[in-house]
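Per-entry structural report
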Amino acid sequence: MGQTEWSTLVGSICAERGLSVVLSWDMPQGYETANGTFDPVAKTLFLNPAVLQSAPEYEAMFYLVHELRHAEQYQHPERFDAMIRVSLPYVVLYDGTCFRLRGETWQECRLDGGEERFRDAYLGFPYEVDANEFAAQRVKAFCGDSPALRQLRDCWRPKRIWSNEDYRRLFREIDERIENSAR
């Protein structure tokens with residue numbers, strides 16, 4: 001699919017889900033190799049045409065629908081369970097860099113721990129699990145089920161599942177680190 005078809009698909013999903021999203025084909029700095037990302041402050045869905053055009057259609061669609069699910073999570077949090085809502089202001093990267101959204105500002109800190117800890121935390125984030133499952137189901141309905149789609153969904157699952165209490169502790173750790181660095 002070309003950019004026009006992608007834009008049409010984004011518009012269709014946004015209309016169906018009640019989303020207000022700006023579509024950009026220019027990835028933000030630091031995300032040049034990502035498939036896409038959603039910025040809730042700018043209400044912008046960034047898609048990487050170089051990555052999407054080289055991927056099979058089901059995979060490109062998976063990433064698009066995944067990111068649009070994040071738009072829905074931020075714009076309509078009432079549609080989601082409490083743990084997804086609690087997790088929305090937080091982001092954890094594989095290297096331990098963490099962010100917390102306060103108002104319209106992302107605050108940053110860095111936590112200690114190995115890549116495995118942070119990879120599992122990221123992959124198991126309540127909003128990530130929801131976006132991956134939603135994307136897999138939507139792509140299955142659109143493109144059909146396949147071993148490749150199931151493998152893609154499974155590669156985005158954590159090896160170790162964190163409990164809600166594990167996440168609450170992580171969020172407190174992020175909050176404390178950010179508050180202490182502000183002093």
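Let me begin by describing the structure that accompanies this report. Numbering of residues begins from 1 in every chain and follows the order in which that chain's sequence is written. In keeping with the model being predicted, local features are shown solely for residues with a pLDDT of at least 70 and side-chain atom pairs are shown and tallied solely at 80 or more, while totals for entire chains, interfaces and linings include all residues. Side-chain figures throughout are based on the complete set of non-hydrogen atoms in the structure, without hydrogens or water.

**Let's talk about the nonpolar core**
- Ranked by size, the top nonpolar core spans 27 residues in total, and within it Trp 6, Val 21, Leu 45, Phe 62, Leu 64 and Leu 68 carry the most contacts.
- A per-element tally of this core places helix α3 (residues 57–75) first, with eight residues.
- When near neighbours in sequence (up to four residues on either side) are disregarded, Phe 62 contacts Asn 132, Ala 135, Ala 136, Val 139, Leu 149, Leu 152, Arg 153 and Trp 156.
- Residues grouped as a nonpolar core are buried Ala, Val, Leu, Ile, Met, Phe, Trp, Tyr and Cys residues, joined through side-chain atoms within 4.5 Å. The buried label applies to any residue whose accessible area, calculated with a 1.4 Å probe on protein chains only, is under 20% of its type's maximum; exposed applies above 50%, and partly exposed to all values in between. Within the second largest apolar cluster, 21 residues are counted, among which are Ile 84, Leu 88, Ile 174 and Ile 178. Under the DSSP-based scheme used, a helix requires at least four consecutive residues in state H or I and a strand at least two consecutive residues in state E, with every element numbered from the N terminus. Here, two residues are considered to be in contact whenever any of their heavy atoms come within 4.5 Å of each other.

**A short note on the sheet that holds strand β1 (residues 22–24)**
- Here, strands pair whenever DSSP counts at least two bridges between them. What the three strands build is an open sheet, ordered β1-β3-β2; its pairing is mixed. Two strands in the sheet have a free side with no partner beyond their single neighbour: β1 and β2 (36–39). Here the strands of the sheet are splayed against their neighbours by 20 degrees on average, with no regard to which way each runs.
- Both β1 and strand β3 (residues 44–47) contribute to a ladder of three bridges, which runs parallel. Along β3, the bridge assignment pairs Leu 23 with Leu 45.
- In the packing of α3 onto the sheet, the strands contacted are β2 and β3, and the crossing angle to β2 comes to about 10 degrees. Lines are fitted to the C-alpha atoms to define the axes, a helix being fitted only along its stretch in contact, and any angle between axes, read from their N-to-C directions, falls within 0 to 180 degrees.

**A word on the packing of α3 against helix α6 (residues 126–143)**
- With their axes 8 Å apart at the nearest point, α3 and α6 run at an angle of 135 degrees to one another. Here α3 is positioned oblique relative to α6, judged by the angle of their axes. Where α3 crosses over α6, the handedness of that crossing is right-handed. Contacts between α3 and α6 involve Glu 57, Tyr 58, Met 61, Phe 62, Val 65, His 66, Arg 69, His 70 and Gln 73 on the former and, on the latter, Tyr 127, Glu 128, Asp 130, Ala 131, Asn 132, Phe 134, Ala 135, Ala 136, Arg 138, Val 139, Phe 142 and Cys 143. Should an angle fall under 35 degrees it is taken as roughly parallel, and over 145 as roughly antiparallel, whereas 65 to 115 is taken as roughly perpendicular and any remaining angle as oblique. Each crossing gets its hand from how the near helix is turned against the far one by less than a right angle, where anticlockwise is left-handed and clockwise is right-handed.

**A look at the sheet that holds strand β5 (residues 97–102)**
- The strand order across the open sheet built from three strands is β4-β5-β6, with neighbouring strands paired in antiparallel fashion. The open sheet has two edge strands with one neighbour each: β4 (90–92) and β6 (105–110). Across the sheet, the mean angle from the axis of one strand to that of its neighbour is 20 degrees, orientation sign disregarded.

**Regarding the layout of surface pockets**
- Of the voids in this model, the largest pocket is the one considered here, and its volume is about 1,000 Å³.
- Every residue lining the largest pocket is counted, 32 residues in all, and those nearest its centre are Tyr 31, Gly 36, Thr 37, Leu 93 and Tyr 122.
- For the lining of the largest pocket, the secondary-structure elements that each account for two or more residues are β2, α3, β4, α5 (115–124) and α6.
- Among the elements that make up the lining of the largest pocket, the one with the highest residue count is α3 (six residues).
- Residues were grouped as follows: Ala, Val, Leu, Ile, Met, Phe, Trp, Tyr, Cys and Pro as nonpolar; Asp, Glu, Lys and Arg as charged; and all remaining residues, including Gly, as polar. When its residues are assigned to classes, the lining of the largest pocket shows 19 nonpolar, nine polar and four charged.
- Only protein atoms enter the 1 Å grid, on which a cavity is a set of points fitting a 1.4 Å probe that cannot get out and a pocket is an open set with protein on both sides within 12 Å along at least 5 of 7 lines, lining residues being those with an atom within 4 Å of a point. Grid points are joined across faces, edges and corners, and a volume is the space filled by probe spheres set on the points. Each pocket or cavity is described by its volume, and for the second largest pocket that value is around 190 Å³.

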